[in-house]
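What follows is each chain in one-letter form.
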Amino acid sequence: MSSHLLTSSTSDGKEGLAAFLANPERAVVALDFDGTLAPIVPDPESARAHPGAVPALARLAPHLGAVAVITGRPAGVAVRYGGFAGVPGLERLVVLGHYGAERWDAVSGEVKSAGDHSGVDAVRAELPGFLDRIGAWRGTWIEDKGRAVAVHTRRTENPEAAFEALRDPLNELAASHGLIVEPGRLVLELRPPGMDKGVALAAYLREADAGSVLYAGDDLGDLAAFGAVERLRGEGLPGVLVCSGTASGEVPPELVARSDLVVDGPQGVVDLLNALADALG
Ligand SMILES: O=P(O)(O)OC[C@H]1O[C@H](O[C@H]2O[C@H](CO)[C@@H](O)[C@H](O)[C@H]2O)[C@H](O)[C@@H](O)[C@@H]1O
């Protein structure tokens, strides 16, 4: 595996990588799931971690202070689709699900979650009729996530147009039930406010007593985590921001612009994790 993957063109990236490699026992790796560890697929229930992801994480994790997956998925779903449970090397893995409102850890094997929001039940009941009434595109699909409900347009004839047509109506519906809309890659999720990947990541880094951090993501929901790393860099914590880019053009330009390193989707993330493990091995 080549060390050229461990080069960044930004000064923050260079500083972050140097600190990470110099003091790995206090380094933290945090990764998004869909689009970063798992390739994007048309059916969200068919998404699975890249076959190289768990082996690469299991090689790297024993060298590090901590490793976490931070995802919009329910934590238990990410654990299942990722194949993260019971893996030698990942005995301390933490999965922060629902943008940080849920937490699974490998030590207990249990999921702990914040309280429920009654608005989610109301939206769940209302959404099918609501989508019919507003003439949502055929192929629009509702993903019931338990603590949230997501509306996907990837399987419609024109996913971008279907997505744009839903934006305003879903914003209104969410607001009327005290929820927010979390936009993602051809998905609009109605979920409780008050938590995001930035809040979740910052709290996790404090808990892990991080000396440096590397965060990788591919979507709008990851911008909050990028913001947290940028803030912490300002306070002296070295950090590397990695964009899991793809040829699809779906990755938000802002995420690319704010990253220190762009890699080629989940395969590129796996290569990067292996290059880090090689460098520390
Ligand atoms: O925070 P993440 O781990 O990136 O999760 C964000 C959402 O990912 C899933 O949707 C995305 O991946 C699907 C499977 O590849 C794809 O079909 C969809 O278009 C993408 O938006 C998941 O279904 C959502 O619940 C997550 O919030």
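In what follows, the structure referred to is the one given above.
Anyway, here's the lowdown on the structure attached to this text. Everything numeric in this text was worked out from a predicted model, so none of it was measured. (Residues numbered from 1 in each chain as written. Predicted model: local features only at pLDDT ≥ 70, side-chain atom pairs only at ≥ 80, totals over all residues.)

Section: the overall build of the protein chain
Under the convention used in this document: Each helix corresponds to a stretch of at least 4 residues labelled H or I by DSSP, and each strand to a stretch of at least 2 residues labelled E; elements are numbered beginning at the N terminus. Burial is judged by counting other C-beta atoms within 10 Å of a residue's own C-beta: 20 or more means buried, 12 or fewer means exposed, and anything between counts as partly exposed, with every C-beta placed from the backbone. By the convention adopted here, residues are in contact when the distance between their C-beta atoms, placed from the backbone, does not exceed 7 Å.
Summing up its helical and strand segments, the protein chain has nine helices and twelve strands in all. The 281 residues of the protein chain split such that 48% are buried. Long-range pairs, those at least 24 residues apart, make up 67% of the contacts in the protein chain with a sequence separation of at least 6.

Some thoughts on helix H9 (residues 265–280)
Put simply, the test is: For a helix, the expected span equals 1.5 Å multiplied by the number of residues minus one.
The terminal C-alpha atoms of H9, which comprises 16 residues, lie 23 Å apart, in line with the 22 Å expected from a rise of 1.5 Å per residue. Residues of H9 that are buried: Gly 265, Pro 266, Gly 268, Val 269, Val 270, Leu 272, Leu 273, Asn 274, Ala 275, Leu 276 and Ala 277. Against the buried residues of H9 lie helix H2 (53–60), strand E10 (212–217), strand E11 (239–245) and strand E12 (261–264).

A closer look at the packing of H2 against H9
The criterion, for reference: Each axis is a line fitted through C-alpha atoms, and for a helix only the stretch in contact is used; angles between axes span 0 to 180 degrees, taken between their N-to-C directions. Here the word oblique covers every angle except those under 35 degrees (roughly parallel), over 145 (roughly antiparallel) and from 65 to 115 (roughly perpendicular). With the far helix as reference, a near helix turned anticlockwise by less than a right angle produces a left-handed crossing, and one turned clockwise produces a right-handed crossing. Residue polarity is assigned by list, with Asp, Glu, Lys and Arg as charged and Ala, Val, Leu, Ile, Met, Phe, Trp, Tyr, Cys and Pro as nonpolar; anything else, Gly included, falls into the polar class.
Relative to each other, H2 and H9 sit at 25°, their axes nearing to 9 Å. Classified by the angle their axes make, H2 and H9 are roughly parallel. As for the relative orientation of H2 and H9, their crossing is left-handed in sense. Seen from H2, the contacting residues are Ala 53, Ala 56, Leu 57, Arg 59 and Leu 60; seen from H9, they are Pro 266, Val 270, Leu 273, Asn 274, Leu 276 and Ala 277. Residue composition of the contact of H2 with H9, grouped by class: nine nonpolar, one polar and one charged.

Some remarks on the pairing of strand E1 (residues 27–31)
Filter applied, for reference: Strand pairing is defined by DSSP finding a minimum of two bridges between the two strands. When the strands point away from the viewer, a crossover counts as right-handed if the route from the first strand across the helix to the second turns clockwise.
Counting buried positions along E1 gives five out of five residues, so the element sits mostly inside the fold. Both faces of E1 are covered, namely the face carrying Ala 27, Val 29 and Leu 31 and the face carrying Val 28 and Ala 30. Looking at chain direction, E1 and E10 are connected through five bridges and run parallel. Pairing of Ala 27 across the sheet is with Ser 212, part of E10. Running through H2, the crossover from E1 to the neighbouring parallel element strand E2 (residues 66–70) is right-handed.

Side note on the site of the ligand
Note the following rule: As used in this record, a residue near a molecule or strand is one whose C-beta atom, placed from the backbone, is within 6 Å of it. The split of the chain into domains comes from an automatic or database domain assignment.
Neighbouring residues of the ligand: 24 residues in total, closest Phe 33, Asp 34, Pro 44, Thr 71 and Gly 72. Of all the elements in the fold, those that place two or more residues in the shell around the ligand are strand E7 (149–152) and strand E9 (187–191). Across the shell around the ligand, the residue classes tally to nine nonpolar, six polar and nine charged. A domain-level breakdown of the shell around the ligand finds at least three residues from each of domain 1 (3–113 + 195–280) and domain 2 (118–191).

A short note on unusual backbone geometry
Unlike most non-glycine residues, Tyr 99 shows phi in positive territory, near 60°. Backbone geometry at Leu 186 places phi at a positive 60°, although glycine is not the residue there. With respect to the helices and strands, Leu 186 occurs in the loop between strand E8 (180–184) and E9.

A look at the sheet that holds E9
What the four strands build is an open sheet, ordered E6-E7-E9-E8; its pairing is antiparallel. Two strands in the sheet have a free side with no partner beyond their single neighbour: strand E6 (141–144) and E8. Each adjacent strand pair in this sheet contributes to an overall mean axis angle of 20°, direction not counted. Relative to E9, E7 runs antiparallel, the two being bridged by four bridges. Opposite Val 151, over in E9, you have Leu 188 as the bridge partner. Relative to the sheet, helix H4 (residues 118–133) contacts E6, E7 and E9, its axis offset from that of E7 by approximately 30°. Each of E7, E8 and E9 touches helix H5 (residues 159–176); the most contacted strand, E9, lies at about 5° to it.

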